[in-house]
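Tertiary structure, described
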Amino acid sequence: MLPTSEGDEPDRPAGLRIAALDLAARVDEALRVQAVAFGLSDDEVGIRRYIVQRHMDCRGARALGAFTEDGALAGFVYGMPNDRHHWWSTVVEPHLRAGGHDGWLDHSFVITELHVHPGFQGRGVGRALITRITDTAAEPRSILSAIDTESPARGLYRALGYTDLARQVHFPSASLPYAVMGAPLPLRRR
């Protein structure tokens, strides 16, 4: 467990509160965080708004936010139990199958999005969000996709126990290739 800043609450970044997030109600605020963290255009934000709202209607979908003392959103994560019929699964399945990893699409909790505002990055916010949401997953493992380049995000995922299951996965609307990563749950702690 990470040191805490207040009480006995594990994985709490200093000065922030990790709690359930009504993502459907705060989608615009979350997408502003994602736009700054991920460099999205206004058009991409509009498309993602529709996707997020559709995802939040999926079975088992849930979200957490990292909130400042005044209630502003500093970061968020959302995910759900994987469904092989969802668009993401249909895109990554051939890549996972080629490496003998397509079984990861079953009984997995998908981290759909994880974004932290740049002003709060490097403080353990992403780690707290992803560990907290996967700690409540009923599935024995987690999968996610991340841009297939060495980055702080990929370093975090590796530190938590995620390994590459497929690389150079091209999503139709993305200009950069992605890696699909998987980890047994619970995620590794420091």
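Given the structure is predicted, the values throughout are model-derived calculations rather than measurements.

Here the focus is the layout of surface pockets. Counted as a void, the largest pocket has a volume near 1600 Å³. Taken together, 49 residues line the largest pocket, and the ones lying closest to its centre are Phe-38, Glu-113, His-115, Ser-145 and Tyr-178. For the lining of the largest pocket, the secondary structure elements donating two or more residues are helix H1 (27-38), helix H2 (42-55), strand S3 (73-81), helix H3 (87-98), strand S4 (108-116), helix H4 (125-135), strand S5 (141-147) and helix H5 (152-159). For the lining of the largest pocket, the residue count by class is 27 nonpolar, 15 polar and seven charged.

Glancing now at the sheet that holds strand S2 (residues 62-67). Across the sheet, which stays open at both edges, the seven strands sit in the order S1-S2-S3-S4-S5-S7-S6 with mixed pairing between neighbours. The open sheet has two edge strands, strand S1 (17-20) and strand S6 (163-169), and neither has a second partner. Across this sheet, the average inter-strand angle for adjacent strands is 20°, counted without regard to direction. Here S3 runs beside S4; their pairing, made up of seven bridges, is antiparallel. Each residue of the ladder has a partner; that of Phe-76, found in S4, is His-115. Against the sheet, H1 engages S3, S4, S5 and strand S7 (178-184), with an angle of about 100° to S3.

Okay, the nonpolar core next. The nonpolar side chains of a soluble globular protein tend to be buried with one another. Ranked by size, the top nonpolar core spans 26 residues in total, and within it Ile-111, Leu-129, Ile-130, Leu-144, Tyr-157 and Tyr-162 carry the most contacts. Considering every element that reaches this core, the biggest residue donor is H4, with five residues. In this structure, Ala-30, Ala-61, Ala-63 and Met-80 belong to the second largest nonpolar core, which totals 20 residues.

This next bit is on unusual backbone geometry. A cis amide bond links Leu-185 to the next residue, Pro-186, at an omega of 0°. With respect to the helices, strands and loops of the structure, Pro-186 is situated in the segment after S7. In this structure, His-107 is a non-glycine residue whose phi angle is positive, near 55°. The residue His-107 is located in the loop between H3 and S4 in this model. Judged by relative accessible area, which is 59%, His-107 ranks as exposed. Positive phi, close to 60°, is recorded for Gln-168, a residue that is not glycine. Locating Gln-168 in the fold gives a position in strand S6. The exposure class of Gln-168 is partly exposed, given its relative accessible area of 43%.

This next bit is on the pattern of salt bridges. With the rule as written, the count across this model stands at eleven salt bridges. Where Arg-97 meets Glu-93, a salt bridge forms, and the shortest distance between an N and an O atom there is 2.7 Å. In this pair, Arg-97 and Glu-93 are both assigned in helix H3, four residues apart and thus about one turn of the helix distant. On the accessibility criterion, Glu-93 (18% relative accessible area) is buried. Between Arg-154 and Asp-164 there is a salt bridge, with the nearest N and O atoms lying 2.7 Å from each other.

Calculation rules
- Residues numbered from 1 in each chain as written.
- Predicted model: local features only at pLDDT ≥ 70, side-chain atom pairs only at ≥ 80, totals over all residues.
- Heavy atoms only, no water.
- 1 Å grid on protein atoms, 1.4 Å probe; cavity = no way out; pocket = protein on both sides within 12 Å on 5 of 7 lines; lining within 4 Å.
- Points joined across faces, edges and corners; volume = space filled by probe spheres on them.
- Helix = DSSP H or I, 4+ residues; strand = E, 2+ residues; numbered from the N terminus.
- Nonpolar A, V, L, I, M, F, W, Y, C, P; charged D, E, K, R; others polar.
- Pairing = 2+ DSSP bridges.
- Axes fitted to C-alpha atoms, helices over the stretch in contact; angles between N-to-C directions.
- Contact = heavy atoms within 4.5 Å.
- Core = buried A, V, L, I, M, F, W, Y, C linked by side-chain atoms within 4.5 Å.
- Buried < 20%, exposed > 50% of the residue type's maximum accessible area, 1.4 Å probe, protein only.
- Salt bridge = Lys/Arg side-chain N within 4 Å of Asp/Glu carboxyl O.

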